[in-house]
Amino acid sequence: HDDLYARSVVFSDGVNKAATLTCELVGLSEAVWNEVTTRIEKETGIKKDYILLSCVHTHSGPSTNVYGDGKTPEVAAYVEDLKNNLVEVVKEANSKLVDAKIGAGKGECLMNMNRRAMDGKGNVSLGLNPYAPCDHEVGVIRIDDKSDNHLALMMDWPCHAVVLGPRNYQITSDWPGAASKFVETGLGGNAVAPVIVGASGDINPLYGP
């Protein structure tokens, strides 16, 4: 359905460095996290403890399960290639450090809702529950260079990436990928706009499955 991307933003105060790395995947194992961050630390000097590696949790992403029932030669080959690409993304971001200005703000988006609903028989199942807790806050961090050119706009909004629903069998980054591309285009095409989906475990989009 659409291409998948990884996006990295690297920060430095002149002494210490930190990196965010977001992937348009359903998830990654601790073993993959450990190998990727170890390599990043070795090849860039960014300490593992200062690396945030997160996935947008799209339910329509490729399998990355190389340690359980999902292990196949195809999956194993994909994950090996993926690990190399993730390291290269951070290395590229690290090579482009410039003096920058950083600002933060927040807003609200009501297009998500708690997905634990009563089924009318005394049980709890998947549904839309407007009475249950739901975080609607959108957090934003914008990074510009000294000439006010946009470098990055990082977004945090908690919501499952399941707009296309369980009947979709195409690879897609779902709403996080669409949001990133929309913002990147709106900022002129030269900025990177990663999405972090926050504490989205029991939150679904209003339009979706």
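Reading the values: rules and limits
- Residues numbered from 1 in each chain as written.
- Predicted model: local features only at pLDDT ≥ 70, side-chain atom pairs only at ≥ 80, totals over all residues.
- Heavy atoms only, no water.
- Helix = DSSP H or I, 4+ residues; strand = E, 2+ residues; numbered from the N terminus.
- Rg over C-alpha atoms; globule rule 2.2 N^0.38 Å.
- Buried < 20%, exposed > 50% of the residue type's maximum accessible area, 1.4 Å probe, protein only.
- Contact = heavy atoms within 4.5 Å.
- Areas by Shrake-Rupley, 256 points an atom, 1.4 Å probe, with all protein chains shown as cover.
- Lys, Arg positive; Asp, Glu negative; His and termini not counted.
- Charge placed at Lys NZ, Arg CZ, Asp CG, Glu CD.
- Salt bridge = Lys/Arg side-chain N within 4 Å of Asp/Glu carboxyl O.
- Axes fitted to C-alpha atoms, helices over the stretch in contact; angles between N-to-C directions.
- Left-handed = near helix turned anticlockwise from the far one by under 90°.
- Nonpolar A, V, L, I, M, F, W, Y, C, P; charged D, E, K, R; others polar.
- Core = buried A, V, L, I, M, F, W, Y, C linked by side-chain atoms within 4.5 Å.
- 1 Å grid on protein atoms, 1.4 Å probe; cavity = no way out; pocket = protein on both sides within 12 Å on 5 of 7 lines; lining within 4 Å.
- Points joined across faces, edges and corners; volume = space filled by probe spheres on them.

Turning to the overall build of the protein chain, a few remarks are in order. Counting secondary structure elements, the protein chain contains three helices and ten strands. Order of helices (α) and strands (β) in the protein chain, N terminus to C terminus: β-β-α-β-α-β-β-β-β-β-α-β-β. For 209 residues, the compact-globule estimate of 2.2 N^0.38 gives 17 Å, and the protein chain sits close to it at 18 Å. Judged by the C-alpha coordinates and their principal axes, the protein chain covers about 60 × 45 × 30 Å. The buried share among the 209 residues of the protein chain stands at 38%. Once local pairs closer than 6 in sequence are excluded, the contacts in the protein chain between residues at least 24 apart make up 67%. Accessible surface for the protein chain amounts to roughly 11,900 Å². Of this, 53% is attributable to carbon and sulfur atoms. Computing the positive centroid from 19 side-chain charges and the negative centroid from 27, the protein chain places the two 2 Å apart.

The next subject is the pattern of salt bridges. Throughout the structure, instances matching the rule amount to 15 salt bridges. Among the ionic pairs, Asp202 bridges to Arg115, the shortest N-O distance being 3.9 Å. Taken together, the residues span a long stretch of sequence, with Asp202 in the loop between strand E9 (195–196) and strand E10 (203–205) and Arg115 in strand E5 (residues 112–118) at a distance of 87 residues. Taking the relative accessible area as the measure of exposure, Asp202 reaches 33% and is therefore partly exposed. Beyond isolated ion pairs, a larger network of salt bridges with shared partners links Arg39, Glu43, Glu88 and Lys91.

Further remarks concern the packing of helix H1 (residues 30–44) against helix H2 (residues 73–94). Any two packed helices are characterised by how steeply their axes cross, that is the angle between the axes, and by the distance between the axes. Where H1 meets H2, the closest approach of the two axes is 10 Å, and the angle between their N-to-C directions is 35 degrees. In the crossing of H1 with H2, the sense of the turn from one axis to the other is right-handed. Contacts between H1 and H2 involve Val32, Glu35, Val36, Arg39, Ile40, Glu43 and Thr44 on the former and, on the latter, Val79, Lys83, Asn84, Leu86, Val87, Val90, Lys91 and Asn94. Its residues assigned to classes, the contact of H1 with H2 shows seven nonpolar, three polar and five charged.

Within the fold, Asn16 resides in the loop between strand E1 (6–12) and strand E2 (17–23). The residues touching Asn16, leaving out its near neighbours within four places in the chain, are Phe11 and Tyr50.

Quick look at the nonpolar core now. If you look at the biggest cluster of nonpolar residues, it comprises 20 residues, and the most contacted ones within it are Leu21, Val36, Ile40 and Val90. Elements that contribute at least two residues to this core include exactly E2, H1, strand E3 (51–55) and H2. Counting residues per element, this core draws most heavily on H2, at seven residues. Setting aside anything within four residues of it in sequence, one finds Val36 in contact with Leu21, Lys83, Leu86 and Val87. Counting twelve residues, the second-largest nonpolar core is a separate cluster that includes Val138, Val183, Val195 and Val197.

Of the volumes computed, that of the largest pocket is approximately 640 Å³. Around the largest pocket sit 22 residues that line it, and Ser8, Ala93, Lys96, Leu151 and Val192 are the ones nearest its centre. Elements with a contribution of two residues or more to the lining of the largest pocket: E1, H2, strand E4 (100–108) and strand E8 (150–156).

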